[in-house]
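Residue-level listing of the chains:
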Amino acid sequence: MHVMIDAREAGPQPSGLARYTFNLLRGLARYGHGRRFTVLTNHPELLPELHGRDDFLLLSPGVRIVDPREQWIVPALVARYKPDIFHSPSMVAPRFLPRPVKRILTLHDTIPLSCPEGFRTYQRLAWKLYYAASIKPVAQVSDRILTVSEWSKRDITRQLDIPEERIAVVYNWLEEHFGPVSDAEVDAVRAKYGLPERFVFALGSHYRYKNPDGLIRAFAAIAPLHPDVKLVLKIGRPKRLHGLVRSLGLQDRVQYQGFVPDHELPAFYRAASCFAFP
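Predicted, not measured: the structure shown is a model, and the values here were computed from it.

**Observations concerning the nonpolar core**
Moving on, step 1. Ranked by size, the top nonpolar core spans 23 residues in total, and within it Phe-86 and Leu-160 carry the most contacts.
Moving on, step 2. Taken together, the elements giving at least two residues each to this core come down to α2 (70-81), α4 (121-141) and α5 (150-160).
Moving on, step 3. The leading source of residues in this core is α4, at four residues.
Moving on, step 4. Each residue touching Phe-86, except ones within four places of it in the same chain, is listed here: Met-4, Asp-6, Leu-40, Val-74, Val-78, Ala-93, Pro-94, Leu-97, Val-101, Lys-102, Arg-103 and Ile-104.
Moving on, step 5. With 16 residues, the next largest nonpolar core counts Val-229, Leu-233, Leu-241 and Leu-244 among its residues.

Here it is in structure tokens:
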């Protein structure tokens, strides 16, 4: 079996979809024996474990994800290399692919449609148009859709009119470096980042639909009961939240954490008294 994987989302800028794609490729490199893979990537240097392998071919299509030119460049590559399956792990794919290739699409959620209150008015409109013009048509012609939870499966069925039998739930898994860490590693991370003895840790993004605002308000409600506990936020671009923190009088109780390398995150989690995922 020959599988083509569109891994253009996996670039130097970290994101959830990039992490998912990297780990998918690493898993296939380890467990995909007896199959052949063609990987579309603009950053082959980020996939050193695939170099020199007979079962992996890395191609640089020269077009970024969501570039309109992908609508003819990627199908041309499919026609040339003739895979049995084309898999897009990033919810974006060309609308038309040459048959008889089977199409698999990974779609993590439909949050912009199912939770529009988390977006500004112009963002709601933009996402609605994007789903209608791009994601929904591709999803409806895909032979199989992969998603990460039963909740997302129901949302995809409802929002995109996809029959449940065409959607498979494949749960995410832990990366290998997430495991037990020693007290010494925890102490080193605590000292390096100036972490308090007791803190609630939250990791994510600043977008409203990720609900950091709700987390800050919830922390404000319990803060008087636990005066020694701080809230440590590892949230990209937290500037939007500063006004809310000030309005709740939490300037001395909220710590904004910048970049933390992946290999230090296990110790970060263990140092926390509580992990919050709002």
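**Here's the deal with the sheet that holds strand β9 (residues 229-236)**
Moving on, step 1. Spatially, the four strands line up as an open sheet ordered β10-β9-β8-β11, and their pairing is parallel. With partners counted over all chains shown, the strands left at the sheet margins are β10 (254-256) and β11 (274-276), one partner each. Ignoring which end each strand starts from, the neighbouring axes of this sheet average 25° apart.
Moving on, step 2. As paired strands, β9 and β10 are joined by three bridges and run parallel to one another. Directly across from Leu-233, in β10, lies its bridge partner Tyr-256.
Moving on, step 3. Across the sheet, helix α7 (residues 212-222) touches β8 (198-205), β9 and β11, and the angle it forms with β9 is around 170°.

**With respect to the sheet that holds strand β6 (residues 144-147)**
Moving on, step 1. With respect to topology, seven strands assemble into an open sheet ordered β3-β2-β1-β4-β5-β6-β7, the strand pairing being parallel. Pairing within the sheet leaves two strands with one partner each, and these edge strands are β3 (56-59) and β7 (167-169). Neighbour-to-neighbour, the strand axes of this sheet turn through a mean angle of 20°, independent of strand direction.
Moving on, step 2. As paired strands, strand β4 (residues 85-88) and strand β5 (residues 102-106) are joined by four bridges and run parallel to one another. For Ser-88, the partnering residue across the bridge sits in β5 and is Leu-105.

**Here's the deal with the pattern of salt bridges**
Moving on, step 1. Considering all chains together, one arrives at 15 salt bridges under this definition.
Moving on, step 2. Of the charged contacts, one joins Asp-6 and Arg-8 as a salt bridge, the two residues approaching to 2.8 Å between their closest N and O atoms. For the residue pair Asp-6 and Arg-8, the accessibility class agrees, reading buried in each case.
Moving on, step 3. The salt bridge involving Asp-213 is made with Arg-240; its shortest N-O contact spans 2.9 Å.

**Some words on the environment of Arg-198**
Moving on, step 1. With respect to the helices and strands, Arg-198 occurs in strand β8.
Moving on, step 2. The exposure class of Arg-198 is partly exposed, given its relative accessible area of 35%.
Moving on, step 3. Residues within four places of Arg-198 in sequence aside, it is in contact with Asp-228, Val-229, Lys-230 and Ser-273.
Moving on, step 4. Polar side-chain contacts of Arg-198 include one of 2.8 Å to the side chain of Asp-228.

**Details of the environment of Phe-178**
Moving on, step 1. In this structure, Phe-178 sits in the loop between β7 and α6 (183-193).
Moving on, step 2. Residue classification places Phe-178 among the partly exposed residues on the basis of a relative accessible area of 24%.
Moving on, step 3. Residues Phe-178 and Tyr-269, spaced 91 residues apart in sequence, show a C-alpha to C-alpha distance of 9.8 Å.
Moving on, step 4. If sequence neighbours within four positions are ignored, Phe-178 has contacts with Leu-265, Pro-266 and Tyr-269.

**A look at unusual backbone geometry**
Moving on, step 1. Here the residue pair Arg-99 and Pro-100 is connected by a cis peptide bond, since its omega of 15° sits within 30 degrees of zero.
Moving on, step 2. In this model, Asp-161 sits at a positive phi of 60°, which is unusual for a non-glycine residue.
Moving on, step 3. Looking at where Asp-161 falls in the secondary structure, it is placed in the loop between α5 and β7.
Moving on, step 4. One non-glycine residue, Asn-211, adopts positive backbone phi at about 65°.
Moving on, step 5. Looking at where Asn-211 falls in the secondary structure, it is placed in the loop between β8 and α7.

Rules used throughout
- Residues numbered from 1 in each chain as written.
- Predicted model: local features only at pLDDT ≥ 70, side-chain atom pairs only at ≥ 80, totals over all residues.
- Heavy atoms only, no water.
- Core = buried A, V, L, I, M, F, W, Y, C linked by side-chain atoms within 4.5 Å.
- Buried < 20%, exposed > 50% of the residue type's maximum accessible area, 1.4 Å probe, protein only.
- Helix = DSSP H or I, 4+ residues; strand = E, 2+ residues; numbered from the N terminus.
- Contact = heavy atoms within 4.5 Å.
- Pairing = 2+ DSSP bridges.
- Axes fitted to C-alpha atoms, helices over the stretch in contact; angles between N-to-C directions.
- Salt bridge = Lys/Arg side-chain N within 4 Å of Asp/Glu carboxyl O.
- Polar contact = N/O pair within 3.5 Å; in protein donor to acceptor, adjacent residues only side chain to side chain.

In short, shape yes, function no, at least from these values alone.
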